[in-house]
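Chain by chain, the residues run as shown.
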Amino acid sequence: MDRIDKILSHHGFGSRKDVKKLLRDERVTVNGKFVYDSGFQLDIEKDVVCVDDEEIKLQHDVYIMMNKCQNVVCANKDGEHQTVFDLLDESLRHKFLGGDLHCMGRLDIDTEGLLILTTDGKLTHRLLSPKTHAPKTYAVGLRDSLTEEEKQKYSEKFSKGFWIDREGNEEGFDAQPSEIQFTVRNEELGIRNEE
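Residues numbered from 1 in each chain as written. Predicted model: local features only at pLDDT ≥ 70, side-chain atom pairs only at ≥ 80, totals over all residues. Heavy atoms only, no water.

1. Topic: the environment of Asp18
Moving on, step 1. One can find Asp18 in helix 2 (residues 16–24).
Moving on, step 2. Under the relative-accessibility criterion, Asp18 is labelled partly exposed at 41%.
Moving on, step 3. For the pair Asp18 and Gln181, spaced 163 residues apart in the sequence, the C-alpha separation amounts to 55 Å. (Helix = DSSP H or I, 4+ residues; strand = E, 2+ residues; numbered from the N terminus. Buried < 20%, exposed > 50% of the residue type's maximum accessible area, 1.4 Å probe, protein only.)

2. Let's talk about the state of the cysteines
Moving on, step 1. The full count for this structure, using the stated rule, is 0 disulfides.
Moving on, step 2. Left without a disulfide partner, Cys69 is nearest to the cysteine sulfur of Cys74, which lies 10 Å away.
Moving on, step 3. Overall, the relative accessible area of 35% leaves Cys69 in the partly exposed class.
Moving on, step 4. Cys74 carries a free sulfur, and the closest cysteine sulfur to it, the one in Cys103, is 4.6 Å from it. (Disulfide = S-S within 2.5 Å.)

3. Considerations on the sheet that holds strand 7 (residues 63–68)
Moving on, step 1. The antiparallel open sheet is built from 3 strands, whose spatial order is 7-11-10. At either margin of the open sheet sits one strand with a lone partner, and together these are strand 7 and strand 10 (102–104). Along the sheet, successive strands turn relative to each other by an average axial angle of 40°, direction set aside.
Moving on, step 2. Direction of pairing for strand 10 relative to strand 11 (residues 113–118): antiparallel, over a ladder of 3 bridges. Each residue of the ladder has a partner; that of Met104, found in strand 11, is Ile116.
Moving on, step 3. Along the sheet, helix 3 (residues 121–128) contacts strand 7, strand 10 and strand 11; its crossing angle with strand 10, the most-contacted strand, is approximately 30°. (Pairing = 2+ DSSP bridges. Axes fitted to C-alpha atoms, helices over the stretch in contact; angles between N-to-C directions. Contact = heavy atoms within 4.5 Å.)

4. Here we look at the pairing of strand 11
Moving on, step 1. Pairing between strand 7 and strand 11: 6 bridges, direction antiparallel. Bridge pairing in strand 11 places Met65 opposite Ile116.

5. Focus on the sheet that holds strand 3 (residues 33–34)
Moving on, step 1. Pairing within the open sheet is antiparallel, and its 4 strands lie in the order 3-2-5-6. Here the strands that pair on one side only, and so sit at the sheet edges, are strand 3 and strand 6 (54–55).
Moving on, step 2. Relative to strand 6, strand 5 (residues 49–51) runs antiparallel, the two sharing 2 bridges. Within the sheet, the bridge partner assigned to Val51 lies in strand 6 and is Glu54.

Spelled out as structure tokens, the structure:
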């Protein structure tokens, strides 16, 4: 149970003061009856809330799968580049009961692939914490071919984990042990070697 002013505010209807005005102006109903008290307790699982006769889909947490494209950064704001949040529909650009929408992990600007955005901090921690060892798969296209000896060298290095130096504003970190599988050639991925 949560207060109706908090719920509507977190679902994009302005500040709690704005929601109080909506209530006073008889624009909000719960289960078909007008509500005037901003402290009215609402069960988002059971109650039907309408604003201006339009039912509002109430939810605690939000889960979004996005196919992130290149040249877009995984950040809330960036003065130079478009962000994944800029790609979202306007209806998703507000606070939710579960908290702020955030990226579950990060893909670099020149990387594309599955990105999950959510308000569910517990799920994010469970999937990203090194302690849980949740597997992740990355497909990487290489500009140059590797010899079998080079492939073996890289496989051994990745299997032990290694240190990645600081870059720009990013801190350095230990990359956890991982497995490399050399399975696809660049031509099969549609990647052309550029001279």
